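Coordinates in review
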Amino acid sequence: MSQLLLLDTQLRLVGAVLVGAGLGHAVLPRLIGWPGDLAGTTLLTRQVSYAHLFFIGLTCVLLGLLPLLLSRELLAGTPLGTTLLAGQTVFWGARWLAEFAYFSPRLWRGDRFRTAAHLILSALWTWVTAVFAAALLHVS
């Protein structure tokens, strides 16, 4: 159990979750009703929406592979590792901030599925950001 608390293990877990989240983007449109929502839009809007979704998913996978496969290297204190940890901390911290500052509560209030998603994502982005910030403090 104490192994779970180690920074190296936490980074690997974060990496695995981010890879899973990235792969989850393949089913996300159906979960949130995009086909129906986008049906009345232009072809350009639909294609841009799905292209952005693909690249966000790919970004999650790639950013997740770094700590999943290279956690020890990230924690070695090298300039590259420190820079990557700083970038991940800023990136996921911005995603955490967006959960509260950008997305309107009207999107989830009164809807059990969306409320649960908001609570889970709030906890997820808090944990992800905290792990990268702790790793960055550890090597700084």
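Described in the following lines is the structure provided in the data block. (Residues numbered from 1 in each chain as written. Predicted model: local features only at pLDDT ≥ 70, side-chain atom pairs only at ≥ 80, totals over all residues. Heavy atoms only, no water.)

1. A short note on the overall build of the protein
Secondary structure assignment for the protein yields seven helices and zero strands. Shown N-terminal to C-terminal, the secondary structure of the protein runs as helices and strands in the order α-α-α-α-α-α-α. Considering only C-alpha atoms, the protein reaches an extent of 50 × 30 × 25 Å along its principal axes. Taken over 140 residues, the protein has a buried fraction of 30%. Considering only contacts within the protein whose residues lie at least 6 apart along the sequence, 74% involve residues at least 24 apart. Looking at the protein as shown, the accessible area adds up to about 8800 Å², and 73% of this sits on carbon and sulfur atoms. Averaging the coordinates of the 9 positive side-chain charges in the protein and doing the same for the 5 negative ones gives two points 7 Å apart. (Helix = DSSP H or I, 4+ residues; strand = E, 2+ residues; numbered from the N terminus. Buried < 20%, exposed > 50% of the residue type's maximum accessible area, 1.4 Å probe, protein only. Contact = heavy atoms within 4.5 Å. Areas by Shrake-Rupley, 256 points an atom, 1.4 Å probe, with all protein chains shown as cover. Lys, Arg positive; Asp, Glu negative; His and termini not counted. Charge placed at Lys NZ, Arg CZ, Asp CG, Glu CD.)

2. Looking at the pattern of salt bridges
The final tally for this structure, using the stated rule, is three salt bridges. Of the charged contacts, one joins E99 and R95 as a salt bridge, the two residues approaching to 2.9 Å between their closest N and O atoms. Taken together, the residues span about one helical turn, with E99 and R95 both in helix α6 (residues 79-101) at a distance of four residues. A relative accessible area of 5% places E99 in the buried class. R95 gets classed as partly exposed once you look at its relative accessible area, which sits at 22%. (Salt bridge = Lys/Arg side-chain N within 4 Å of Asp/Glu carboxyl O.)

3. Describing the side chain of S49
Residue placement: S49 occurs in helix α5 (residues 43-74). Here S49 falls in the buried class, since its relative accessible area comes to 18%. Residues within four places of S49 in sequence aside, it is in contact with W34 and L38.

4. What about the side chain of Q88?
Among the secondary structure elements, Q88 is positioned in helix α6. Of the polar contacts made by the side chain of Q88, one reaches the side chain of W92; its length is 2.8 Å. Setting aside residues no more than four positions away along its own chain, Q88 makes contact with L63, L66, P67, G93 and F132. (Polar contact = N/O pair within 3.5 Å; in protein donor to acceptor, adjacent residues only side chain to side chain.)

5. A word on the nonpolar core
In this structure, L11, V14, L18, L85, W92, V128 and F132 are the most contacted members of the largest nonpolar core, which totals 17 residues. Of all the secondary-structure elements, those providing two or more residues to this core are α2 (7-24), α5, α6 and α7 (112-139). Ranked by the residues each element gives to this core, the list is headed by α7, at eight residues. If near-sequence neighbours (up to four positions away) are discounted, F132 is found in contact with L11, V14, L18, P67, L85, Q88, T89 and W92. (Core = buried A, V, L, I, M, F, W, Y, C linked by side-chain atoms within 4.5 Å.)

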